[in-house]
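Residue-level structure breakdown
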Amino acid sequence: MSILTQEQTKRITDRVLSLSKADECIVNIEGNRIGNIRFARNAVSTAGLADDARIQVQVAFGKKQGTATINEFDDKSIERAVRRAEDLARLAPDNPEFIPAIAKTAYKPSDTFVQKTADIDPEYRAQAAAYAIEGCRKRGLVSAGFFTDRTSFETIANSNGLFGHQVATSLDFTLTVRTEDGRGSGWVKRSARDVAKFDPREAAEIAIEKALRSVDAKALEPGRYTVIMEPAATSDLLSFMLNGFDARRADEGRSFLSKAGGKNRLGDKLFDQQVNIWSDPWDKDVAVLPWDDNMLPRERVELVKDGKINALDYSRFWAQQKNQRAVGAAGNIIMAGTNKTTEELIANTKKGVLVTRTWYIRMVDPQSVLLTGLTRDGTFYVENGKIKHPIKNFRFNESPVSMLNNIEEIGKPVVIGADEARYSMLIPSMKIRDFNFTSLSDAV
């Protein structure tokens, strides 16, 4: 099924709402067209184009709710879905946290769609893979990667007259390059809404260079080191912490922002003065849909300001319980940075470790956001402002809360994870002191 227009989805939502006999009805229509190419051992393994669409109908009789989802758009299927949702609602117990559907709302559109990204074709995908494959063949290296491009739409409506429709595009590329003997490995990740901001040749060269430079890694004694974390490595750790900004979790003692007695740490200074984190659905680089999964309008929200916890995420139910105003949950995360490149952070480092990537990350302690994980695909020892030699990978035990307290320098933010219209990050590289490496890893 092709990407539906606003006029097409409006007719469908009007049809659903006219069929419903419930006290209230909510409709969500989503669809996407995803192109991809996957390659390994310097050869394409799969390529394709897939599209899908679905309608979700949610109804309520009083506090009893029922939901049905279909991927058939004919009139009979739509009516069956409405009746099924109503039947389920009548059988359901009352939802003690039921909140009625939101009132009619006007959404400010965000720039999530780029036509050139929507026009990506098989030839473009093949060329993106070819830059990596051919570059690796010439240097006796082995490549494995995955490129995806996505065009999607979402429509929301309810029986209070609310309606919203928006289209989005994005692309995502990851590449791992290994030496033939398996002793060196490099990796790169690129994400964008606009294909004009993606350079597959540049991305391939970075992974190739790291693979060549990471051969003959030396062992460095585990301990606490100054680290230069590239944006992809940083974002994987910060995402665990940012989930803790939910107000209910904090108030109920289930996050690092909890205080004794059912209180939270709103207003407390937890991080270095340099740390400023916010969400903004209209950001030019990481725009997201102007509503969240509960159809609440999103706003620009300052989560951390000058190191202080400035805002928490209140669901509609919890906002009602705490007499707070509910705002649409963040769809992107943006952290302030500088114009310094990662290379400049390295140049300002007397002794330290450059980390390309973190992986296999697991939570150890939710109350402190203590994480454990491994470095991989290019870890290097830095001395007197230069990369001196590759080093063996480490296991680490570290908390992003501590990391953001130990910042020495911040670099330039880059887009990480723009693969959907709901979640993107703009995260800088960072130089952090006293990062805790606990043991060595033999993996490359």
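Since we're looking at a predicted model, the values are computed, not measured.

The next thing to look at is the pattern of salt bridges. The final tally for this structure, using the stated rule, is 31 salt bridges. R325 is the salt-bridge partner of E299, the closest N and O atoms lying 3.0 Å from each other. Of this pair, E299 sits in the loop between β10 (277–279) and β11 (301–305) while R325 sits in the loop between α8 (316–322) and β13 (332–335), placing them 26 residues apart in sequence. On the accessibility criterion, E299 (29% relative accessible area) is partly exposed. According to the relative accessible area criterion, R325 is exposed, its value standing at 57%. When salt bridges with common partners are traced through the structure, they connect E97, R248, E252 and R254 into a single cluster.

Okay, the environment of S402 next. Looking at where S402 falls in the secondary structure, it is placed in helix α10 (residues 400–403). A C-alpha to C-alpha distance of 8.9 Å links S402 and L270, two positions 132 residues apart in sequence.

For the pair helix α4 (residues 122–138) and helix α5 (residues 200–213), interaxial distance at closest approach is 9 Å and the crossing angle is 30°. In terms of their interaxial angle, α4 and α5 are classed as roughly parallel. Regarding α4 and α5, the two cross each other, and that crossing is right-handed. Packed against α4, whose contacting residues are Y124, A128, Y131, A132, G135 and C136, the element α5 presents P200, R201, A204 and I208 at the interface. Here the contact of α4 with α5 is composed, by residue class, of 8 nonpolar, 1 polar and 1 charged.

Our focus in this paragraph is the pairing of strand β19 (residues 424–441). Where burial is concerned, most of β19 is hidden: 13 out of the 18 residues are buried. Relative to β19, strand β7 (residues 223–229) is paired through 6 bridges, and the arrangement is antiparallel. For Y225, the partnering residue across the bridge sits in β19 and is F435. As defined by bridge partners, strand β17 (residues 393–398) adjoins β19 across 4 bridges and the pair is classed as antiparallel. When the bridges of β19 are listed, F394 appears paired with L440. Across 7 bridges, strand β18 (residues 407–416) lies against β19 in antiparallel orientation. Across the sheet, I416 pairs through a bridge with M425, a residue of β19.

With that settled, the discussion passes to the packing of aromatic side chains. Going through the model one piece at a time under the given rule, you end up with 13 aromatic pairs. With centroids separated by 6.5 Å and ring planes inclined at 55°, the aromatic side chains of F147 and F173 adopt a geometry described as tilted. One end of the pair, F147, is in strand β4 (residues 141–158); the other, F173, is in strand β5 (residues 163–179), and 26 residues separate them in sequence. The same class applies to F147 as to F173, namely buried. By way of ring pairs, the aromatic residues Y225, F394, F396, F435 and F437 are connected into one cluster. Taking NZ or CZ as reference, R362 lies 4.4 Å from the ring centre of Y360, over its face. Directly above the ring of W359 sits R376, whose terminal nitrogen or CZ lies 4.3 Å from the centroid.

Annotation of the protein at the domain level lists domain 1 (6–212) and domain 2 (216–443). Each of domain 1 and domain 2 has a C-alpha centre, and these two points are 25 Å apart. In this assembly, 40 residues from domain 1 lie in contact with 35 residues from domain 2. Between domain 1 and domain 2 lies a buried interface of about 3,000 Å² when both sides are counted; carbon and sulfur atoms form 57% of it. Among the residues domain 1 hides against domain 2, the three largest losses belong to W187, R193 and K210. Together they make up 21% of the total. Along the contact surface separating domain 1 from domain 2 lie 4 salt bridges. The residue K210 makes a salt bridge to E230 at a minimum N-O spacing of 2.4 Å. In this assembly, domain 1 and domain 2 are joined by 15 residue pairs in polar contact (both at pLDDT 80 or more).

Okay, the sheet that holds strand β1 (residues 24–40) next. Spatial strand order, β3-β2-β1-β4-β5-β6: 6 strands in an open sheet with antiparallel pairing. This sheet does not close on itself; its edge strands, each paired only once, are β3 (64–70) and β6 (185–192). Taking the axes of each pair of neighbouring strands and ignoring which way they run, one obtains an average angle of 15° across the sheet. Where β1 meets strand β2 (residues 43–61), 17 bridges bridge the pair, whose relative direction is antiparallel. Residue pairing in the sheet places I37 in a bridge with A47 of β2. Across the sheet, helix α2 (residues 75–91) touches β2 and β3, and the angle it forms with β3 is around 150°.

Now for the UniProt feature "domain: Metalloprotease TldD/E N-terminal" (unreviewed entry) in the protein. Taking the UniProt record as the reference, the feature "domain: Metalloprotease TldD/E N-terminal" (unreviewed entry) is found at residues 30–89. As a span, residues 30–89 carries 25% helix and 62% strand, and end to end its C-alpha atoms are 23 Å apart.

This next bit is on the nonpolar core. In this structure, M241, F245, F271, M335 and L404 are the most contacted members of the largest nonpolar core, which totals 55 residues. Beyond its immediate stretch of four places on either side in the chain, M241 contacts F256, F271, V369, P400, V401 and L404. If you look at the next biggest cluster of nonpolar residues, it comprises 23 residues, including V57, V59, A68 and F153.

So, how was this worked out
- Residues numbered from 1 in each chain as written.
- Predicted model: local features only at pLDDT ≥ 70, side-chain atom pairs only at ≥ 80, totals over all residues.
- Heavy atoms only, no water.
- Salt bridge = Lys/Arg side-chain N within 4 Å of Asp/Glu carboxyl O.
- Helix = DSSP H or I, 4+ residues; strand = E, 2+ residues; numbered from the N terminus.
- Buried < 20%, exposed > 50% of the residue type's maximum accessible area, 1.4 Å probe, protein only.
- Axes fitted to C-alpha atoms, helices over the stretch in contact; angles between N-to-C directions.
- Parallel < 35°, antiparallel > 145°, perpendicular 65-115°, else oblique.
- Left-handed = near helix turned anticlockwise from the far one by under 90°.
- Contact = heavy atoms within 4.5 Å.
- Nonpolar A, V, L, I, M, F, W, Y, C, P; charged D, E, K, R; others polar.
- Pairing = 2+ DSSP bridges.
- Phe/Tyr/Trp six-rings, centres within 6.5 Å; stacked < 30°, edge-to-face > 60°.
- Lys NZ or Arg CZ within 6 Å of the ring centre and 35° of its normal.
- Domains from an automatic or database assignment.
- Buried area = accessible area lost by both parts, 1.4 Å probe.
- Polar contact = N/O pair within 3.5 Å; in protein donor to acceptor, adjacent residues only side chain to side chain.
- UniProt positions renumbered as here; feature names shortened; annotations may be inferred.
- Core = buried A, V, L, I, M, F, W, Y, C linked by side-chain atoms within 4.5 Å.

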